[in-house]
Amino acid sequence: MGKSNTKIRLSKEDKATLHSLEAIAEGVAEVFGSSCEVVLHSLEDTSSSVVKIVNGNVTGRKIGAPLTDFLAAILRKADSLEKDVIGPYYNKLDNGRLLKSVSTLIRNSHGKPIGFMCINIDLSAPLLDFLTGFLPVHGESSKSMSEHFPINIKDLISRTLEMAIAGVNNRIEVPPSEKNKLITQELYKRGLFNVRGAIDLVAKEMGVSRYTVYNYIREAKVKIGEEA
């Protein structure tokens, strides 16, 4: 792969934008496993553009590696691109391994190119190894979570409220007079009241006034603050 020695002045905001994408790179790699390389390029200095790389074993690169010739060609025609997501396309490495790749041109708020995020999946990896990356990991590092995927805000509020009510109702030691307060505390912990319209819907479902819910929220803030 060829090198490019272009240097582009990036603002503090541009650098902050690229830095914020480092966690995205890690997240994508976590989903697809060790056969998926995710690379973040900064265009501040294309001779050492790689500022973040996860699973660099796929191509053998490290932080400080240069921009590829393919990306340099994309950059030269950035103003005429129909879209900033390029691919999928395929690469064959010197060792014969086949990669499926997608590259995304990153622009700042003014539309100026400031970087690339590239995803390279090693199609030559053993299928079992690839699939293993998608299976739950047993042991202390495994995480079992339940996530609901709402289709609208009302669905989100209703489902979260339903789960909170079920949780409190299962606690036989809780007197009926305290249930609404505990339900509100649980909803507060889940961040539901950051959603617009949540207070009114919760009040309606629990059969209390919105002012009562406000009072419960204030108590929840104090209680949770003490627990922290």
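Check the entry above for the structure.
Quick notes on the rules
- All residue numbers refer to positions counted from 1 along the written sequence of the respective chain.
- Confidence filtering applies because this is a predicted model: local features only for residues at pLDDT of at least 70, side-chain atom pairs given and counted only at 80 or more, and all residues used for totals across whole chains, interfaces and linings.
- As a rule here, side-chain values cover all heavy atoms of the structure and leave hydrogens and water aside.
- Counting from the N terminus, the helices are DSSP H or I runs at least four residues long and the strands are E runs at least two residues long.
- Working definition: with a 1.4 Å probe on protein chains only, accessible area under 20% of the residue-type maximum means buried, over 50% means exposed, and in between means partly exposed.
- In protein, a polar contact requires one atom able to donate a hydrogen and another able to accept it; more generally it is a pair of N or O atoms within 3.5 Å, and residues adjacent in sequence count only if both atoms are side-chain atoms.
- The contact criterion used throughout is that any non-hydrogen atoms of two residues lie within 4.5 Å.
- Whether two strands pair depends on DSSP finding at least two bridges between them.
- In this text, buried Ala, Val, Leu, Ile, Met, Phe, Trp, Tyr and Cys residues form a nonpolar core when linked through side-chain atoms within 4.5 Å.
- Helix axes are fitted only over the stretch in contact, all axes being lines through C-alpha atoms; the angle between N-to-C directions runs from 0 to 180 degrees.
- The cut-offs work like this: below 35 degrees is roughly parallel, past 145 is roughly antiparallel, 65 to 115 is roughly perpendicular, and the gaps in between are oblique.
- Charged means Asp, Glu, Lys or Arg here, nonpolar means Ala, Val, Leu, Ile, Met, Phe, Trp, Tyr, Cys or Pro, and polar covers whatever is left, Gly included.
- Salt bridges are identified by distance alone: a Lys or Arg side-chain nitrogen within 4 Å of an Asp or Glu carboxyl oxygen.

Turning our eyes to something else, we now look at the side chain of Lys 52. With respect to the helices, strands and loops of the structure, Lys 52 is situated in strand β2 (residues 50–54). Overall, Lys 52 belongs to the buried group, its relative accessible area being 17%. There is a polar contact of 2.6 Å between the side chain of Lys 52 and the side chain of Glu 26. Ignoring anything within four residues of it in the chain, the contact list for Lys 52 reads Glu 22, Ala 25, Glu 26, Val 38, Val 39, Leu 40 and Ile 63.

This part covers the pairing of strand β1 (residues 36–42). Along β1, seven of the seven residues are buried, which leaves the element largely enclosed by surrounding structure. Residue alternation in β1 divides its side chains into two sets, Cys 36, Val 38, Leu 40 and Ser 42 and Glu 37, Val 39 and His 41, and both sets are buried. As paired elements, β1 and strand β5 (residues 113–122) share seven bridges and run antiparallel to each other. The partner of Glu 37 across the bridge, within β5, is Asn 120.

This brings us to the nonpolar core. Within the largest apolar cluster, 19 residues are counted, with the highest numbers of intra-cluster contacts made by Ile 157, Ile 183, Leu 187, Phe 193, Val 202 and Val 213. If we skip the residues at most four places from it in the chain, Ile 183 touches Leu 161, Ala 164, Ile 165, Val 168 and Met 206. Counting residues in hydrophobic clusters, the runner-up holds 16 residues, among them Leu 71, Ile 86, Leu 105 and Phe 116.

Between helix α1 (residues 12–20) and helix α2 (residues 22–32), the shortest axis-to-axis distance is 4 Å and the interhelical angle comes to 20°. By the angle between their axes, α1 is roughly parallel relative to α2. Contact residues: Leu 18, His 19 and Ser 20 in α1; Glu 22, Ala 23 and Ile 24 in α2. Along the lines of polarity and charge, the residues of the contact of α1 with α2 split into three nonpolar, two polar and one charged.

Turning our eyes to something else, we now look at the pattern of salt bridges. Evaluated as defined, the whole model comprises ten salt bridges. Notably, a salt bridge pairs Glu 219 with Lys 181, separated by 3.2 Å at the nearest N-O pair. Here Lys 181 lies in helix α6 (residues 176–189) and Glu 219 lies in helix α8 (residues 210–227), a separation of 38 residues in the sequence. Among the ionic contacts, a cluster of salt bridges with common partners joins Glu 178, Lys 181 and Glu 219.

Just distances and angles here, no functional claims.
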